[in-house]
Amino acid sequence: MVTAITRVFEEIGFLETMEREGFSHKYGASWHPTASHAALHVKFAGFPQPGINQDYTYHVDRSRFDLLLLKHAEKLGSCVCQGVCVKKVLFDAGHAVGVRVNIAGQSVDIPARIVVDASGRQALLGQQLRLRRTDPDFNQFSVHAWFENVDRGGRPDDIHIHFLPVKRGWVWQIPITDTVTSMGVVAEREVFRAGKGDYEVWFHELSRSAPDIALAMRDAKRVNDFKVEADYSYQMDSFMGDGWLLVGDAARFVDPIISSGVSVAMHSAKFASEQIASALAADDVSCSALAHYETRLKNATAIWHEFIRLYYKLLLMFTVFIAREEYRLQVLQLLQGDIYDREEVPVLQAMREFIDNVENTESHLLRPYFDGDLILDEDAPAPQELL
Ligand SMILES: Cc1cc2nc3c(=O)[nH]c(=O)nc-3n(C[C@H](O)[C@H](O)[C@H](O)COP(=O)(O)OP(=O)(O)OC[C@H]3O[C@@H](n4cnc5c(N)ncnc54)[C@H](O)[C@@H]3O)c2cc1C
């Protein structure tokens, strides 16, 4: 998770549960280059966020976390129906008026004033209304599983990102419990296609292709099945309409390299609930009454998307912007998931100009560092030294 999520936990009274349940604390992040034993670390304590009184966030086992959150919603008064599959959203004259569900083999129509689609990447309503647009910038492929005996090195509480010597390739290393570590290999889909087509072989080959990750995995033992995810970045054309809203992945999903998907899902749910409360108070649940929600979420996810796009372009070079005093705070805020209600984020423009300058200058010393295909050489000077 990213630290921005703490504000939502606090607001809904869920922070206590997170502490009580003993989820691993996440104090920072470490990035590892492709061709040398080295790492760059960031500690969240170094850049406190307003309204957040702890210098860590959490690593979670999603099934346990999701169940606790569901129970919390129930405790606060939601009526929760599990094992019920929504088949379609019902419309009357273009206005959402309820859902058709399958309960114990029976098809039942349930009326509703407002329908919120939180169906994740199944994107029920987005599919039904044909709103889904594949992201032109990312076509990623991922294989992941849980392992025991991963050597977590000197910073066992961090998320570790290991860059790989293939296009947009990286590995996440996330401690789930004291002994279990989630490991996931991500790369452009074309990298997978160029391999032998076997995702298990692909996982093992790539997770041996950078020195720090090879070391971390040398005695690792897999403890659950591999999972495969593909084509996972997209956006819906609209995030709301007459009587309906989309939250979380049902609205937009961007590559997970910043670990902010759950935070975006929870923030969008918070914004949607605020919008719904004022729409119901005004007795107007039309598209125009809900429009502010879309603007708010689209602005935030546009910042998120652009940061990730530039981050992939820069790879370890993005740390240059952490080193610079004038940008440090802005980059760290983005890494912590602070993307909401922001007027502008000047560091994104600075990153774009930096990239343009390097790409358009044939003899620029930093050119070899660019593009997802490139290997950061062991003997090459550190990017900061070249500035
Ligand atoms: C490879 C990968 C790695 C990721 N890593 C991270 C990470 O490190 N950190 C992070 O924050 N995020 C990460 N994410 C993103 C994160 O998983 C999502 O952004 C987040 O789960 C979105 O939450 P959600 O509630 O919108 O959807 P989901 O968590 O997918 O929940 C959707 C729910 O809707 C239910 N549902 C679907 N269709 C129906 C239906 N028709 N009827 C009834 N119920 C239905 C599903 O069963 C599910 O329970 C990662 C994603 C991927 C693909």
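Before going into details, it helps to say that this report is about the structure given with it. (Residues numbered from 1 in each chain as written. Predicted model: local features only at pLDDT ≥ 70, side-chain atom pairs only at ≥ 80, totals over all residues. Heavy atoms only, no water.)

With respect to the packing of helix α8 (residues 261–281) against helix α9 (residues 287–314)
- Remark: α8 packs on α9, axes separated minimally by 8 Å, with the N-to-C direction vectors making an angle of 165°. In terms of axis orientation, α8 runs roughly antiparallel to α9. Every pair of crossing elements has a handedness; the one defined by α8 and α9 is right-handed. Here Gly-261, Val-264, Ser-268, Phe-271, Ala-272, Glu-274, Gln-275 and Ala-279 of α8 come into contact with α9, specifically with Ala-289, Leu-290, His-292, Tyr-293, Arg-296, Leu-297, Thr-301 and Trp-304.
- For the contact of α8 with α9, the class distribution of residues is nine nonpolar, five polar and two charged. (Axes fitted to C-alpha atoms, helices over the stretch in contact; angles between N-to-C directions. Helix = DSSP H or I, 4+ residues; strand = E, 2+ residues; numbered from the N terminus. Parallel < 35°, antiparallel > 145°, perpendicular 65-115°, else oblique. Left-handed = near helix turned anticlockwise from the far one by under 90°. Contact = heavy atoms within 4.5 Å. Nonpolar A, V, L, I, M, F, W, Y, C, P; charged D, E, K, R; others polar.)

Brief notes about the site of the ligand
- Neighbouring residues of the ligand: 22 residues in total, closest Arg-62, Val-86, Asp-249, Ser-259 and Val-262.
- Separating an oxygen atom of the ligand from a backbone N or O atom of Ala-118 is a distance of 3.5 Å.
- With respect to the ligand, the backbone of Val-262 contributes an N or O atom lying 2.8 Å from an oxygen atom.
- For the ligand, whose free accessible area comes to 1,000 Å², the fraction covered by protein is 70%.
- Looking at the shell around the ligand, the elements that each hand over two or more residues are β5 (85–92) and α8.
- For the shell around the ligand, the element with the highest residue contribution is α8, accounting for three residues.
- Residue classes in the shell around the ligand are distributed as 10 nonpolar, eight polar and four charged. (Near = heavy atom within 4 Å. Polar contact = N/O pair within 3.5 Å; in protein donor to acceptor, adjacent residues only side chain to side chain. Areas by Shrake-Rupley, 256 points an atom, 1.4 Å probe, with all protein chains shown as cover.)

Some words on the nonpolar core
- The biggest cluster of nonpolar side chains holds 79 residues, and the ones touching the most others in it are Trp-31, Phe-321 and Leu-335.
- Per element, the largest residue contribution to this core is 12 residues, and it comes from α9.
- When residues no more than four places from it in sequence are discounted, the contact partners of Leu-335 are Val-2, Trp-31, Ile-258, Phe-307, Tyr-311, Phe-318 and Ile-322.
- With 21 residues, the next largest nonpolar core counts Ala-145, Ala-187, Phe-192 and Ala-216 among its residues. (Core = buried A, V, L, I, M, F, W, Y, C linked by side-chain atoms within 4.5 Å. Buried < 20%, exposed > 50% of the residue type's maximum accessible area, 1.4 Å probe, protein only.)

Side note on the pairing of strand β11 (residues 159–163)
- Among the five residues of β11, five are classified as buried, and the element is accordingly described as predominantly covered.
- Here β11 shows two buried faces, one formed by Ile-159, Ile-161 and Phe-163 and the other by His-160 and His-162.
- Inspection of the sheet shows strand β2 (residues 28–32) paired to β11 by four bridges, in the parallel sense. Bridge pairing links Ser-30 to His-160 in β11.
- Across four bridges, β11 lies against strand β12 (residues 170–175) in antiparallel orientation. Bridging from a neighbouring strand, His-160 pairs with Gln-173 of β12.
- Following β11, the chain reverses through six residues before pairing antiparallel with β12; Arg-168 in that reversal takes a positive phi of roughly 45°. (Pairing = 2+ DSSP bridges.)

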